[in-house]
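# Report on the structure
Each chain, letter by letter, is given below.
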Amino acid sequence: MCAAPGGKTTAIAILMKDKGEVVACDRSHNKVLDIMKLATEMGLTCINAYKLDALKSVCQVKEILDVGVEILDLEVLNPVVTGTVGSPNEEMKNNDMTKCRNGTKLMQTENGRKTDGKMQLNQSEDRLKAVHKRNGPGRNHCMGGRVRTSKGYFPNSFDRVLLDAPCSALGLRPRLFAGEETLMSLTHHAKYQRRMFDRAVQLVRPGGVIVYSTCTINPGENEALVRYALDKYEFLSLAAQDPRIGGPGLVGQCDLFDGKFVEEWLTESEAELVQRFDPSSTLDTIGFFIAKFNVGQKEI
Ligand SMILES: C[S@@+](CC[C@H](N)C(=O)[O-])C[C@H]1O[C@@H](n2cnc3c(N)ncnc32)[C@H](O)[C@@H]1O
């Protein structure tokens, strides 16, 4: 989520040895193009980039039934909607759409995809492989600036989600002391990030992992987000990180707005599990923050 321009997406794809699938979403059309370009330049074919607002990234079965479109698998939710028509990819997806409008009932499968019970899960994988075979490696990623728009994903669809949240960027030099932010604007970033985090929680399957990161030193967008997450979702727990380079998070709380609002941070043990990169430390890094969560059994 919030993947452009794709630095972390491509790093993940390399760690995965370009196997499996990395879905990279960003709400900006042009920035999705940047991801596609970078993936192509690096010869990474396991990355599928989509234009998608993180706040609208969860697709409920009810919503789909309401608009009368039945979905057989995740692919159908991600049609190509911009650019020139008539590519093999697009024809294939349009045909799939027609097939779905047949009144069959949806069934939840193990990995969260929807099926009518007749279509096997591996059929969509076979289709993807066929597309890759026909188009060649990487060609489907970067063909004349075509960006695929996603309509979202079903809950529990992903093994892992990285939410590299848009933030106040107070860790980036030379913005560090630019003085553009106010206390109030900082709290707006925090609200936005919480809403995105809620979507990430819905999208990851039980047993999966969520990583939350920012490039800010503002605890309201870092430790306070972790506090919010742990308090709201009992099935989330902080996980140790490897490699560990940054320092611990901030412990305790902070009074804001003349004591009218208390921002809660972390306990000692929680603080040891997150990584806070302090730009004034000897590590000589930008300001950055990482929290990794294990997702336990959800109570639904
Ligand atoms: C911190 S940058 C991501 C950097 C990227 N992860 C990387 O490593 O290259 C934040 C991104 O969030 C995107 N963004 C902001 N609001 C969004 C939203 N509601 N949904 C999806 N993406 C959003 C911005 O377009 C921007 O590309």
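Treat the numbers as computed from the prediction; the structure is a model and nothing was measured.

This brings us to the overall build of the protein chain. Within the protein chain one finds eight helices and twelve strands. Taking all 300 residues of the protein chain together, the buried fraction comes to 48%. Looking at the protein chain alone, contacts between residues at least 24 apart form 78% of all its contacts between residues at least 6 apart. Total accessible area computed for the protein chain in this model is approximately 15500 Å², and 56% of it derives from carbon and sulfur atoms.

Moving on: helix α7 (residues 223–232). Here α7 lies mainly inside the structure; eight of its ten residues are buried. Buried within α7 are the following residues: Glu223, Ala224, Leu225, Val226, Arg227, Tyr228, Ala229 and Leu230.

So, on to the UniProt feature "binding site: S-adenosyl-L-methionine" (unreviewed entry) in the protein chain. The residues that UniProt annotates with the feature "binding site: S-adenosyl-L-methionine" (unreviewed entry) are Cys2, Ala3, Ala4, Pro5, Gly6, Gly7, Lys8, Asp26, Asp53 and Asp164. Turning to its location among the elements, Asp26 is positioned in strand β1 (residues 22–26). A distance of 3.1 Å separates a polar side-chain atom of Asp26 from the backbone nitrogen of Ala4. Topologically, Asp53 is positioned in the loop between β2 (47–51) and α3 (61–66). Of the residues examined, Asp53 reaches a relative accessible area of 23% and is grouped as partly exposed.

Relative orientation of the contacting elements helix α6 (residues 183–203) and α7 amounts to 40°, with a least axis distance of 10 Å. It follows from the interaxial angle that α6 and α7 lie oblique. As for how α6 packs across α7, the hand of that crossing is right-handed. Along its contact with α6, which presents Gln193, Arg194, Phe197 and Asp198, the element α7 presents Ala224, Leu225, Tyr228, Ala229 and Lys232. Across the contact of α6 with α7, the residue classes tally to five nonpolar, one polar and three charged.

Quick look at the pattern of salt bridges now. Tallied over the entire structure, the rule returns seven salt bridges. Across the pair Lys37 and Glu41 runs a salt bridge, and its minimum N-O distance is 3.4 Å. Pair noted here: Lys37 and Glu41 are both in helix α2 (residues 29–41), with a separation of four residues, about one helical turn. By relative accessible area, which is 47% here, Lys37 ends up partly exposed. On the accessibility criterion, Glu41 (56% relative accessible area) is exposed. Two residues, Lys232 and Asp198, come together in a salt bridge whose shortest N-O distance is 3.5 Å. With a gap of 34 residues between them, Lys232 in helix α7 and Asp198 in helix α6 connect regions that are remote in the sequence. For Lys232, a relative accessible area of 46% translates into the label partly exposed. It is possible to trace a salt-bridge network through shared partners that takes in Arg227, Asp231 and Glu270.

The next point concerns the UniProt feature "active site" (unreviewed entry) in the protein chain. According to UniProt, the positions carrying the feature "active site" (unreviewed entry) are Cys215. Within the secondary structure layout, Cys215 lies in the loop between β7 (204–214) and α7. Among all residues touching Cys215, those that are not within four sequence positions of it are Cys167, Ala169, Leu170, Gly171, Leu172, Ile286, Gly287 and Phe288.

Contacts to the ligand come from 18 residues, most closely from Lys8, Asp26, Asp53, Ala54 and Asp164. Lys8 is positioned such that a nitrogen or oxygen atom in its side chain is 2.8 Å from an oxygen atom of the ligand. The contact in question runs from a nitrogen atom of the ligand to an N or O atom on the side chain of Asp53, over 2.9 Å. For the ligand, the accessible surface in isolation is 600 Å², of which the surrounding protein chains cover 86%. Elements with a contribution of two residues or more to the shell around the ligand: α1 (7–15) and α6. Of the residues belonging to the shell around the ligand, the class tally is ten nonpolar, two polar and six charged. The residue makeup of the shell around the ligand includes at least three contributed by each of domain 1 (7–149) and domain 2 (158–295).

Conventions used here
- Residues numbered from 1 in each chain as written.
- Predicted model: local features only at pLDDT ≥ 70, side-chain atom pairs only at ≥ 80, totals over all residues.
- Heavy atoms only, no water.
- Helix = DSSP H or I, 4+ residues; strand = E, 2+ residues; numbered from the N terminus.
- Buried < 20%, exposed > 50% of the residue type's maximum accessible area, 1.4 Å probe, protein only.
- Contact = heavy atoms within 4.5 Å.
- Areas by Shrake-Rupley, 256 points an atom, 1.4 Å probe, with all protein chains shown as cover.
- UniProt positions renumbered as here; feature names shortened; annotations may be inferred.
- Polar contact = N/O pair within 3.5 Å; in protein donor to acceptor, adjacent residues only side chain to side chain.
- Axes fitted to C-alpha atoms, helices over the stretch in contact; angles between N-to-C directions.
- Parallel < 35°, antiparallel > 145°, perpendicular 65-115°, else oblique.
- Left-handed = near helix turned anticlockwise from the far one by under 90°.
- Nonpolar A, V, L, I, M, F, W, Y, C, P; charged D, E, K, R; others polar.
- Salt bridge = Lys/Arg side-chain N within 4 Å of Asp/Glu carboxyl O.
- Near = heavy atom within 4 Å.
- Domains from an automatic or database assignment.

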